[in-house]
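Here are the chains, one letter per residue:
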Amino acid sequence: MQKTFASLGLRAEILQGIKDLYYKQPTEIQAETIPLILSGKDVIGQAQTGTGKTAAFVLPILQRLDQQKRDIQALILTPTRELSIQIEAEIEKLGKHLDVKVLSLHGGTDIERQINKLERSVQIVVGTPGRVLDHLNRGTLHFGRISTLVLDEADKMLEMGFLEDVDRIIASTPQHRQILLFSATMPDQVKQLAHRYMDQPPHVKIEQKQKTVATIEQEYYVVNQTEKMDALLDLIEQSKPYLAIIFANTQQRVQVLTARLQEQGYDAEALYGDLSQNKREQLMERFRQIKFQYLVATDIAARGLDVEGVTHVFNYDIPSDVESYIHRVGRTGRAGQRGTAISLVSPRQKSIMARFAKGTKTEIEEKLLIPGRHMDQGRKQRAAEREAHFAQLREQKKREETTAKRKKLAPLEQALKKNKKVKPGYKKKLAREVEQFQKQYDQKKKREALKAARKSAGSRSGQTGR
Ligand code: AMP
């Protein structure tokens, strides 16, 4: 039977934090490791990023946190500053209702500020080995009272040359602390580290997340921002999804995109953070029952969303980090079915796709759009520009003609004005004068046109002769 978070015996405040994040049920690594960790054992968790490994160690730490104690109770070592910040954020979210005090100690930020924070109460420290050791050496940090030590992404940490630092940090912790080691792979160096410090740890191994991703075809298209909407419509028409989730990066973009899709006759609905829990659940239920075909969502709203039959995921906007990418892409290809993940990227975002491909250890193929609306869009725009230009020329010509006509008739008007009473025969004379004037004017115009034609012919032959 599938485990629930409640069945893991977690505190109500933690269950509320989990609910706030819309995690429906524990992931495999969570379901298997949390009970072991709660029983006090040292544990090795072999799992990739994207499996929910962070919450697998964060939840038990929160469960056993003594809120009355102001000391550091848990230390989490992690290879990179990004990961450290990310874990800090996840602890803050999951521990929101416990008012937990967590601090990330990573390089690249002011050490004095970190020292100030350490002087206040901190219950959980997350950090990179280098910076943590720096604090230990300065005496601004003590781990004498920690009960849990986590070595996160141990393989990466050792690969980056942190072994010595890790050894020294472990030496500064009490003898009877619990050690949790998480690693995607188990090279000898990691095994030796585990053997040296851990007490008969059970080894929980979760099959690689990439297996799910392997059933998902991943591709991306390079499109300009102005053509994105039409490109998306083309891709929808060409790929004919059964059910699709379309991700955009903000609530506003989700709303606009949904409206545009609806205008085009697609049954699309928007899912975003500000919707009430009730509305979200109703919407999800209707999506599961295939009452509509296109779910447009932000990341946060689609957390843990598990719907069978989602054949396509579209990244209308691409996410900024690989975890979100994996998470989004993983909304399709569920339960071993095939799926397609399509991302729309600007020319400048191509490098991000390369990063995602590396992060997911899969190939993300760049594809070219088959001509369709997005092409029409360009054509339409150019035609509109041309039309505007011609309209301007026509207007200018009309203005010139009016001026010329006025000029031509000016003498006649003047003459008529001056000679209100005209002698007999004068009108005829005047008409002859006007006719002559007209002739002169026409000849002059012709000469000018001829001159202009010769000049432009001359410059053209000059150009070709060069
Ligand atoms: P991690 O492997 O810790 O990097 O987690 C991958 C992603 O899954 C993160 O964005 C987590 O917020 C999310 N996550 C963790 N646990 C769960 C869960 N039980 N249900 C849904 N999403 C989860």
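## With respect to the layout of surface pockets
- Empty space within the second largest pocket amounts to approximately 770 Å³.
- Taken together, 24 residues line the second largest pocket, and the ones lying closest to its centre are Thr49, Glu153, Lys156, Gly359 and Lys361.
- Looking at the lining of the second largest pocket, the elements with two or more residues in it are helix H4 (81–94), helix H7 (154–159), helix H14 (322–329) and helix H15 (350–360).
- Structurally, the lining of the second largest pocket is a two-domain feature, drawing no fewer than three residues from each of domain 1 (6–205) and domain 2 (210–370).

## With respect to the pattern of salt bridges
- Considering all chains together, one arrives at 16 salt bridges under this definition.
- For lysine 53, the salt bridge is made with glutamate 153, and the minimal N-O distance between the two is 3.4 Å. Of this pair, lysine 53 sits in helix H3 (residues 53–63) while glutamate 153 sits in the loop between strand E5 (148–151) and H7; the two residues are 100 residues apart in sequence, bridging distant segments of the chain.
- With its nearest N and O atoms 3.7 Å apart, the salt bridge here joins arginine 286 to glutamate 269. Of this pair, arginine 286 sits in helix H13 (residues 277–288) while glutamate 269 is found in strand E10 (residues 268–271), placing the two residues 17 residues apart along the sequence.
- We classify arginine 286 as partly exposed; its relative accessible area is 33%.
- Look at glutamate 269 and you get partly exposed, because its relative accessible area is 24%.
- When salt bridges with common partners are traced through the structure, they connect Lys53, Asp152, Glu153 and Lys156 into a single cluster.

## Considerations on the side chain of lysine 53
- On the basis of relative accessibility, which here comes to 5%, the residue lysine 53 falls in the buried class.
- Within polar-contact distance, the side chain of lysine 53 engages the side chain of aspartate 152 at 3.3 Å.
- Each residue touching lysine 53, except ones within four places of it in the same chain, is listed here: Ile29, Ala47, Gln48, Asp152, Glu153 and Phe182.

## So, the packing of aromatic side chains
- For the coordinates displayed, the defined rule picks out four aromatic pairs.
- With a centroid separation of 4.7 Å and 25 degrees between ring planes, the pair formed by tyrosine 325 and phenylalanine 356 is classed as stacked. Highlighted residues: tyrosine 325 in helix H14 and phenylalanine 356 in helix H15, separated in sequence by 31 residues.
- It is lysine 228 that lies over the ring of tyrosine 316; its NZ or CZ is 5.1 Å from the centre.

## Re the pairing of strand E2 (residues 74–77)
- Neither face of E2 is left uncovered, since the one carrying Ala74 and Ile76 and the one carrying Leu75 and Leu77 both have all their residues buried.
- Summarising the sheet, E2 and strand E4 (residues 124–127) pair through four bridges and their orientation is parallel. Note that in E4 the partner of isoleucine 76 across the bridge is valine 126.
- Here E2 pairs with E5 via four bridges, running parallel. Residue pairing for E5: leucine 75 is matched across the bridge by leucine 149.

## Brief notes about unusual backbone geometry
- Residues other than glycine seldom take positive phi values, yet aspartate 99 does so here, at roughly 55 degrees.
- Relative to the helices and strands, aspartate 99 is located in the loop between H4 and strand E3 (102–105).

## Section: H3
- In terms of burial, H3 is largely enclosed, as 11 of its 11 residues are buried.
- Taken together, the buried positions of H3 are occupied by Lys53, Thr54, Ala55, Ala56, Phe57, Val58, Leu59, Pro60, Ile61, Leu62 and Gln63.

## Considerations on the environment of glycine 9
- Residue position: glycine 9 is located in the segment before helix H1 (12–20).
- Sequence spacing of glycine 9 and proline 35 is 26 residues, and the spatial spacing of their C-alpha atoms is 8.9 Å.

## Here's the deal with the site of the ligand
- Surrounding the ligand, one finds 16 residues, the nearest of these being Tyr23, Gln30, Gly50, Gly52 and Thr54.
- One of the side-chain nitrogen or oxygen atoms of tyrosine 23 is found 2.4 Å away from an oxygen atom of the ligand.
- A distance of 2.8 Å separates a nitrogen atom of the ligand from a polar side-chain atom of glutamine 30.
- When the ligand is considered free in solution it has 500 Å² of accessible area, and contact with the protein chains removes 90% of it.
- A breakdown of the residues in the shell around the ligand according to their chemical character gives three nonpolar, nine polar and four charged.
- Here the shell around the ligand spans two domains, since at least three of its residues come from each of domain 1 (6–205) and domain 2 (210–370).

Parameters and conventions
- Residues numbered from 1 in each chain as written.
- Predicted model: local features only at pLDDT ≥ 70, side-chain atom pairs only at ≥ 80, totals over all residues.
- Heavy atoms only, no water.
- 1 Å grid on protein atoms, 1.4 Å probe; cavity = no way out; pocket = protein on both sides within 12 Å on 5 of 7 lines; lining within 4 Å.
- Points joined across faces, edges and corners; volume = space filled by probe spheres on them.
- Helix = DSSP H or I, 4+ residues; strand = E, 2+ residues; numbered from the N terminus.
- Domains from an automatic or database assignment.
- Salt bridge = Lys/Arg side-chain N within 4 Å of Asp/Glu carboxyl O.
- Buried < 20%, exposed > 50% of the residue type's maximum accessible area, 1.4 Å probe, protein only.
- Polar contact = N/O pair within 3.5 Å; in protein donor to acceptor, adjacent residues only side chain to side chain.
- Contact = heavy atoms within 4.5 Å.
- Phe/Tyr/Trp six-rings, centres within 6.5 Å; stacked < 30°, edge-to-face > 60°.
- Lys NZ or Arg CZ within 6 Å of the ring centre and 35° of its normal.
- Pairing = 2+ DSSP bridges.
- Near = heavy atom within 4 Å.
- Areas by Shrake-Rupley, 256 points an atom, 1.4 Å probe, with all protein chains shown as cover.
- Nonpolar A, V, L, I, M, F, W, Y, C, P; charged D, E, K, R; others polar.

Everything listed is a geometric property; what it means functionally is a separate question.
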